[in-house]
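Overview (structure and organization)
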Amino acid sequence: MPQLTHINPAGEAHMVDISAKSETVREARAEAFVEMQAETLAMIIAGGHHKGDVFATARIAGIQAAKRTWDLIPLCHPLLLSKVDIQLEAQTEHNRVRIESCCRLAGKTGVEMEALTAASVAALTIYDMCKAVQKDMVIGPIRLLEKSGGKSGHFKVSV
C-alpha cells in the first residue's frame, strides 16, 4: 500500500517538497451533481431566477475556487493554472445538474484538488442561488474522473 505523502516520519502533517520534481503538463477532470425538483431545474433552464444566470454564476465560482484551492486546502501548493473549464449540463431526465471541471497546468504537482474544488464550489453555488426556491437539494457525488501527468501517470474512472 502506498504511503501517505502529507505525513512525515514522525506522523505529523506537512507540505510535500516538490522542488526535485520534473515540470510536466498535468490535467485533472472532476464531476459533481446537484439533484433538485423538476420545477427548480426548469426555472434554472428558463433563466427565470431573480438572482440572474445560475449557470454563469456557478461557472465563475468554480473557476475562482480552482484558482484559490491552496487557500482552502491546507497542504496544497499554490499553482499557476493555465486552464480551468467548467461545463454545466441540465439533466432533465434525472432532475439534476451535472458539473464537470477540467484544470490544467505545466508544473511540478497535480491539479486533482483544483478540479475537485472547482466542481464542488460550482455545485455549492447552484445550491446557494436556488435555496430560496428549494432547500432540500442534494449535492453529490463529487469525484475525480481523470488525471494525467506526473510520476503516477494516467488515471481514469470507468463510468
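Described below are features of the structure shown in this document. (Residues numbered from 1 in each chain as written. Predicted model: local features only at pLDDT ≥ 70, side-chain atom pairs only at ≥ 80, totals over all residues. Heavy atoms only, no water.)

**Examining helix α2 (residues 54-67)**
- Along its 14 residues, α2 runs 20 Å from first to last C-alpha, staying within 8% of the 20 Å computed at 1.5 Å per residue.
- Taken residue by residue, α2 has V54, F55, A58, A61, G62, A65 and A66 as its buried positions. Along the long axis of α2, the arc covered by the buried residues comes to 135 degrees, so they all point the same way.
- Tucked into the core, α2 has its buried residues touching α1 (38-46), α3 (69-72), β2 (83-91), β3 (96-107) and α4 (112-130).
- Regarding α2, its N-cap is D53, as a side-chain oxygen of that residue lies 3.1 Å from the backbone nitrogen of F55 further along. (Helix = DSSP H or I, 4+ residues; strand = E, 2+ residues; numbered from the N terminus. Expected span 1.5 Å × (residues − 1). Buried < 20%, exposed > 50% of the residue type's maximum accessible area, 1.4 Å probe, protein only. Arc of directions from axis to C-beta. Contact = heavy atoms within 4.5 Å. Polar contact = N/O pair within 3.5 Å; in protein donor to acceptor, adjacent residues only side chain to side chain.)

**Regarding the nonpolar core**
- One finds M36, I44, L88, V97, I99 and I126 to be the most contacted residues of the largest nonpolar core, which totals 31 residues.
- Listed by contribution, the elements that provide at least two residues to this core are β1 (24-35), α1, α2, β2, β3 and α4.
- Per-element tally for this core: the top contributor is α4, with eight residues. (Core = buried A, V, L, I, M, F, W, Y, C linked by side-chain atoms within 4.5 Å.)

**What about the side chain of T69?**
- Turning to its location among the elements, T69 is positioned in helix α3.
- Apart from residues lying up to four places away in sequence, T69 is in contact with C76, M113, E114 and T117.

**Overview of the pattern of salt bridges**
- Scanning the model with the defined rule gives eight salt bridges in all.
- Notably, a salt bridge pairs R29 with E100, separated by 2.5 Å at the nearest N-O pair. Taken together, the positions of R29 in strand β1 and E100 in strand β3 put the pair 71 residues apart, joining distant regions of the chain.
- When salt bridges that share partners are traced, they join R29, E31, R98, E100, R143 and E146 into one network. (Salt bridge = Lys/Arg side-chain N within 4 Å of Asp/Glu carboxyl O.)

**Examining the sheet that holds β2**
- Reading across from one edge, β2-β3-β1-β4-β5 is the order of the five strands in this open sheet, with antiparallel pairing throughout. At either margin of the open sheet sits one strand with a lone partner, and together these are β2 and β5 (155-156).
- Note: strand β4 (residues 138-148) against β5, two bridges, orientation antiparallel. Counted as the bridge partner of K147 is F155 from β5.
- Set on the sheet, α2 makes contact with β2 and β3; between it and β2 the angle comes to about 145 degrees. (Pairing = 2+ DSSP bridges. Axes fitted to C-alpha atoms, helices over the stretch in contact; angles between N-to-C directions.)

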